[in-house]
Structure formats: C-alpha cells, structure tokens
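Residue-level structure breakdown
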Amino acid sequence: MNLFIYESNEQLNAAAANLMAAELQRNPKAVLGLATGSTPIGMYEKLVEMHRAGLVSFREATTYNLDEYVGLPRDHEESYYTFMNRHLFRHVDLPEGSTHLPLGNAENPADECLRYDASIEQANGIDLQILGIGHNGHVGFNEPGDELHSGTHIVQLAEETRKANARFFASLDEVPSEAITVGMGVILKARTILLLARGADKAEILKRALRGPITTQVPASLLQLHPNLIVMADSEAGRLLQA
Ligand code: GLP
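Everything in this summary refers to the structure shown in the same document. (Residues numbered from 1 in each chain as written. Predicted model: local features only at pLDDT ≥ 70, side-chain atom pairs only at ≥ 80, totals over all residues. Heavy atoms only, no water.)

Observations regarding the layout of surface pockets
Taken as a whole, the largest pocket holds about 590 Å³ of empty space. Along the wall of the largest pocket there are 34 residues; nearest its centre are Thr36, Gly37, Ser38, Asn165 and Arg167. (1 Å grid on protein atoms, 1.4 Å probe; cavity = no way out; pocket = protein on both sides within 12 Å on 5 of 7 lines; lining within 4 Å. Points joined across faces, edges and corners; volume = space filled by probe spheres on them.)

So, the sheet that holds strand 6 (residues 128-131)
What the 7 strands build is an open sheet, ordered 1-10-9-6-2-3-5; its pairing is parallel. If you trace the sheet from one side to the other, it starts and ends with strand 1 (2-6) and strand 5 (99-100), each paired once. Direction of pairing for strand 2 (residues 31-34) relative to strand 6: parallel, over a ladder of 2 bridges. When the bridges of strand 6 are listed, Gly33 appears paired with Gln129. (Pairing = 2+ DSSP bridges. Helix = DSSP H or I, 4+ residues; strand = E, 2+ residues; numbered from the N terminus.)

Observations regarding the packing of aromatic side chains
The full count for this structure, using the stated rule, is 7 aromatic pairs. Residues Phe4 and Tyr6 carry aromatic rings whose centres are separated by 6.5 Å and whose planes lie at 20° to one another, so their mutual orientation is stacked. Phe4 sits in the partly exposed class, given a relative accessible area of 37%. On the basis of relative accessibility, which here comes to 17%, the residue Tyr6 falls in the buried class. Between the aromatic rings of Tyr69 and Phe169, the centroid separation amounts to 5.7 Å while the plane-to-plane angle is 80°, which identifies the pairing as edge-to-face. A residue pair is termed long-range when its members are at least 10 positions apart, and Tyr69 in strand 4 (residues 67-69) and Phe169 in the loop between helix 5 (159-165) and strand 8 (178-181) qualify at 100 residues. In this pair, the class of Tyr69 matches that of Phe169, namely buried. Members of the aromatic cluster, connected to one another through ring pairs, are Tyr69, Tyr80, Phe83, Phe141 and Phe169. (Phe/Tyr/Trp six-rings, centres within 6.5 Å; stacked < 30°, edge-to-face > 60°. Buried < 20%, exposed > 50% of the residue type's maximum accessible area, 1.4 Å probe, protein only.)

What to know about the site of the ligand
Taken together, 13 residues lie near the ligand, and Ser38, Thr39, Asp67, Asn165 and Lys202 sit nearest. Contact distances for the ligand include 2.6 Å between an oxygen atom and a side-chain N or O atom of Lys202. When the ligand is considered free in solution it has 390 Å² of accessible area, and contact with the protein chains removes 94% of it. More than half of the atoms belonging to the ligand lie within 2 Å of the grid points that define the largest pocket. Looking at the shell around the ligand residue by residue, the class counts come to 3 nonpolar, 7 polar and 3 charged. (Near = heavy atom within 4 Å. Polar contact = N/O pair within 3.5 Å; in protein donor to acceptor, adjacent residues only side chain to side chain. Areas by Shrake-Rupley, 256 points an atom, 1.4 Å probe, with all protein chains shown as cover. Sits in = over half its atoms within 2 Å of the grid points. Nonpolar A, V, L, I, M, F, W, Y, C, P; charged D, E, K, R; others polar.)

By themselves, these figures tell us nothing about what the structure is for.
Below is the structure:
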C-alpha cells in the first residue's frame, strides 16, 4: 500500500487529479471506475480545471460508476447520474456513450446487475478505481455484514448510510432504502485502486480499514489484499495512521 497524507485539501485534490491525468496520458483509452460522495468532488473540480487548460482529455476514456440508488429516475436531483453530470461529465470531453452507471430504475434489477458486470468485463476491466469510504467502512454501497458479494448486486442501505446521505434530500424518508452497487470482486479486480479520505470523522474508520483485521464487517478492509492500493488522505482523516 502507498499511503500519502496531505496538509491541505488543495494538495489532496491536486494529487488525486494528477494521478488520474497521468493514467490518461499513459493510456488515453483507460477505463476509470468513478465514485460519488463529497470526498471526490474536489478531485473532479481539479480535473475540470486541468481539462479547460488543455492538460487532460477524456475523449477516448470509458467510465463506470460504483453505484446508483434504486428507484430514483436518472434525472432526479440526487441520482448519482445527475451528480456525475454536475461535477464531471458535462464539463469534460467524455463522449456520452462512454459513461456508465447502473440503471437505478431498471425494470428488472437482477438483469441490470448482470448487464453491468458484463459491460465492465467487455471493457476489459477497470484500470483505475476511485473510492471513498463510508463511516461504517462501506465502499461503493458494499455495507458491513456477515457476507459480501463479488459481483454487482442490489443492497439494502444501512440506516447509518441513509442518515449520512439524508443531508442531500429534503428528509430522511426520501432517501432510497436500496441501491445497486458493484461488488467487492469488481472493485478488487481493478488494476489500481485510489482510496480517498478526508475529514476527522473518517480517521477512525480509515485506521480500522487499513490497519485492522480483514473482515466483512469493514468492507474497506478487503482493500488491504489489493496489490496496487494507493491511499490519499488529508491530515485529519490520516491522523491515526501517522506513525
Ligand atoms: C456514499 C457512496 C460511497 C461514498 C461514501 C462516502 O454513500 N456510495 O461511494 O464513498 O458514501 O461519502 P462521502 O464522501 O460523502 O463521505
């Protein structure tokens, strides 16, 4: 594991954006695994800036997002599809057909999960997977539990996750109770994983994920098994990891 701890948010955003830009320079056809949540927003802003300055192009890239709420239409204000458009897609040169998210309101959700996995396979897997981490150690929407799944699947969101995400909705009742998420197998097959964490409220779970036992009760702990894991944290989230 390569761990980088940054003094400022600005430095963290620049380092994460530079890593993705370097991947795209090396391999313009890179398949990028993208994440939502507040953590990667600064990285996306930086990438948009770099794109406007002519420093990075997504023209030949393909993207797959980790997850989507079940039941929200794509154009809902808080769908992850809308989030990605708002923060990245509409500001860069990614062709429309090259961006992928699970379809949250698919008629047959089980088929949608299979279709999504097949599509990722067909693209020859993910080169660089961006991840945030939930307060309970979830990645994507792989929630803690006795079991984890390898492929894309439907999950019941943990109450803690719904509460954490209620800040984006008018009330807790409006937060969907299910999501489609890629599984841990899909994530672990990515050739490189970049885990981002910021804020004091992530310090404890980041330490458990990276230094604690590997357990399904902390899905992010499985990342310890990955041969090419890069972790970028701000000084608050990384506080308990500094030797
Ligand atoms: C969400 C997402 C995750 C994200 C996590 C943390 O619900 N499904 O992909 O990493 O929660 O979010 P944040 O970055 O806002 O703390």
